[in-house]
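Close look at the chain arrangement
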Amino acid sequence: MLNEVLFYILSALILVSALVLISARRPIDAALSFIVTLVSIAALFALQGSSFLFATQIIIYAGAILALILFIIMFLNIQDKNLPDEPHKKRDITFSTLAVLPFTVVLISLINKSPLVDQALPYDLFGGIKDIGSVIFNDYLLVFELISILLLVSLIGAVSLAKEDKDVK
Amino acid sequence: MPLDILLNILLLAPFFSALFIAIIALAQPSSPKIIYSILAIFAPLLSAFLALILIYENYFNGIDIHSEIFTWLSVSAFHIPFSLHLDALSSLMLLFVAPVGFLIHVYALGYMKDDSSYPRFFALFNLFMFFMFLLVLGDNPIMMFLGWEGVGLSSYALISFYYEDAKNVAAGNKAFILNRIGDFGFLSALMLLFISIGEYGFSFSTIELHLHEMSAERINLIAALLFVGAMGKSAQFPLYVWLPDAMAGPTPVSALIHAATMVTAGVYMLARFSDLYAMSESVSLFIAYIGAFSALIAALMASREFDIKKILAYSTMSQLGYMFMAEGLGAYSFAIFHVFTHAFFKALLFMGAGAIIMSLHHEQDIRKMGGLRKSLPMLFIMMLIASLSISAIAPLNGFFSKDAIMGHIFASDAYIIYGIALFTSILTAFYMFRMLFFVFYGEEKIKAVAVSKTMIIPIALLAVGVILSGFLNVPSSFGGSESISIWLNLPDIREFLDHTTEFTLIGLNTFFIFVAIFVAYLKYGSATATREDVDKYRYQKIISNKFYIDELYHILFVKPLYKMSKGFDVYINHKIIDSSIHRTIALYYYIASYYRLIYDGSVRLYALFMVFGLSGLFIYLYFALEAM
Amino acid sequence: MLSNYLTLSVILFSIGIIGVLSRKNIIVIYMSIELLLNAVNISLVAISNTLQSNEGQVIVLMIIAIAAAEAALFMALFVVLFRNKRSLDADIFNLLGEKNAS
């Protein structure tokens, strides 16, 4: 019962902060509300007992990635005049919503038809670091290595992209 | 080793040597010449050696050798194995193709030694040997056709060998295109043959067995179409105009391909299908007349020609005419025997001519030659032997084969053809000795350079062949046994003359020949001869201009075709096809100019389209699942 | 119940799409894309817990790692774009269009 209540509270937080995110005018506002979303999602993981993912979400998403976004926003020193003009923002959001609505409604109704969804979540301690670690290093070692290579590549790519192009100037 | 494997090696040796020469030349262009020389000589030598072994087996032990290398095509009833068959006919062909081919390869080593395209020449020359063997040894008409086309291809490439000069390329094209016309006939005949009796199998032996199942008209049609093929390949009227131009190639090529082997393929093909021709008298008679006519006009043109190689080319055409006369009148084995002897003396003549041309710094006009008797005495003797042989003087090989043909023509009561043949024979002696006197008598105009040994030795060996090879088929009137005719076992029509008539005819012929030689001596050889051969009379002018046949063909075929192409180019291509394509393009461009408005480069808009698609898909999915 | 989690996931995903479609600010668009990833994460974790299978959680881990790689590239991109055009307007960067290419 308590789990249900907590779930609804967290869901409300996630959705509200997501809506704030997409409607905020300044990126700094969006980034701050994005923190709320991410932390709430992390709490949702914790609610289901996935302790390892909870930690990862907090550390990487809410910690590293968001810190990076905030850092960039401040580093670029974005003034209000740099922001794009969005006079029809409300109209755009409305039309986009209409465009997406069929997808959302149909998908939700299809989900509710599935026999699987009536099961209650066990809410036990599942998905601890030991379990996930053993799965990764037994069955998904190659994927793990590939991910590490991908990270390396993106690191190099980011450096070479952001480097000032001397030939142009 | 089993004989069929020897046969395979005989066939494939030139092919692989051609392949290796080509690979080496492409991979390592700076390789020393000796490598190419060894490769180029080794394969024909091996082939000639194996050919002699196999022919020995066939002649003395009567073994027909059959070898199936692989299945080439198998489409329901159309089963074509890549198979070889050596019987008496192909043995006799091999008996001159392989050794003469080898000798000309040796000769070519000397002839081509300063040429920059040395490997290209020998690769093509060896390739030609491969295709010629395939043509002779093929067990079914398809294999024969493969060889037939292959020799045509190598001939084309070798005629245009000095491709830097556009004239030589044009000569190659001419040969190739005229041969295409012939091939059209050959191919149509093969298709008809297959439609008619193809279901029993398509090797020569099965075709022979089932020939009688076809109607007479069908047989006549096939025979005529096959002869069209032979006309092209063997340079008979009216498809002969390529042969004189083909002399643009190097002289060894002229000797091997355009005198000794390839041009006789038509005669060989007719002999292969001799059972068919034996059933088709009208077409055979037509062939005899075409042969006679070709022999006559070729001899006439040769007697007014000044290019030494072209004289020999016309003489080849004339001799081929004799072979077709013989085949038309049913003397297949005599025709094949003439092919055999002709290969020797004609190769000898060409090689001699090549040696003369080389020693005179590539001079081909006989008016500018003269007096070579003193500086090149060996060559003079060889050329004299060959000229006597082609003029049918006993006991050289030309006498035995040509005389057999003449006797047969007389015995078949074909007196018109006999008259033509006799006149041509006299003309032959005249033009050969005209050439000989021009080249070897009179004053020496260009100083001759000594000829290399690799060229003289093959010529000498061939001369021995010319002297001896005639004795293989001595007619019964001279107490011989005609062993080759019996060995070949072709469906000959045998006509016998009593010996008195035969000796009279031979005496008459020989007498006229000596008269012709004497006339030629008076005109061109004696000390008082003017040796200027200008056209005094109208008929001489017509002959000198080769009866205006080339011009006629140009007006009849080339010009209308050219005009038609031009018309097609302007009206059909530009006005109809191109403009319709351009209009279509313009239409699409117009439509696209509206369509392009949607895609203005804003990625967000693209994302919106994607979401529309996604939503549409899900709506469809929903109703589709509801319906289930 | 699992259906609640999945519904939440779908709604969050839709919000992310709306954000990508309606906004011009590239930083907001980037964060909307992150929302899409997180929406998927939510459903993956819920299903993984329901089925008592760790594979789903491993996939989530991979997604987070990829998101990190992506973040690094995005940030570099922002720096370059902002340096060149002094603007965060996504509609300025429309070089894909034929007439806009220079």
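Presented here is a report on the structure given in the accompanying data block. (Residues numbered from 1 in each chain as written. Chains lettered and ligands numbered in written order. Predicted model: local features only at pLDDT ≥ 70, side-chain atom pairs only at ≥ 80, totals over all residues. Heavy atoms only, no water.)

The next subject is empty space enclosed by the protein. Residues and elements named next belong to chain B. Throughout the structure, instances matching the rule amount to four cavities of 30 Å³ or more. Counted as a void, the largest cavity has a volume near 70 Å³. Forming the walls of the largest cavity are F204, I207, E208, L211, R272, F273, S274, D275 and L276. Taken together, the elements giving at least two residues each to the lining of the largest cavity come down to α7 (204-210) and α12 (274-278). A breakdown of the residues in the lining of the largest cavity according to their chemical character gives five nonpolar, one polar and three charged. Space inside the second largest cavity adds up to approximately 50 Å³. (1 Å grid on protein atoms, 1.4 Å probe; cavity = no way out; pocket = protein on both sides within 12 Å on 5 of 7 lines; lining within 4 Å. Points joined across faces, edges and corners; volume = space filled by probe spheres on them. Helix = DSSP H or I, 4+ residues; strand = E, 2+ residues; numbered from the N terminus. Nonpolar A, V, L, I, M, F, W, Y, C, P; charged D, E, K, R; others polar.)

We now examine the interface of chain A and chain C. Often the size quoted for an interface is simply the accessible area lost on bringing the parts together. Contacts between chain A and chain C engage 86 residues on the former and 69 residues on the latter. Across the chain A to chain C interface the summed buried area is about 6800 Å²; carbon plus sulfur atoms make up 75%. By the criterion of area lost to chain C, the three top residues of chain A are I22, Y61 and F126 of chain A, representing 9% of everything that side buries. The interface formed by chain A and chain C contains one salt bridge. Between E86 of chain A and R23 of chain C there is a salt bridge, and its shortest N-O distance comes to 3.2 Å. Across the contact surface, chain A and chain C share 13 residue pairs in polar contact (both at pLDDT 80 or more). When residues of the side of chain A that touches chain C are traced back to their parent elements, those giving at least two are α1 (2-23), α2 (27-47), α3 (51-76), α4 (89-113), α5 (129-139) and α6 (141-162) of chain A. A total of 13 residues in the side of chain A that touches chain C trace back to one element, the largest contributor, which is α3 of chain A. (Contact = heavy atoms within 4.5 Å. Buried area = accessible area lost by both parts, 1.4 Å probe. Salt bridge = Lys/Arg side-chain N within 4 Å of Asp/Glu carboxyl O. Polar contact = N/O pair within 3.5 Å; in protein donor to acceptor, adjacent residues only side chain to side chain.)

In this fold, H338 of chain B is placed in helix α15 (residues 332-359). One polar contact links H338 of chain B to Q319 of chain B, side chain to side chain, over a distance of 2.9 Å.

Functional significance is not addressed by these values, which are geometric in nature.
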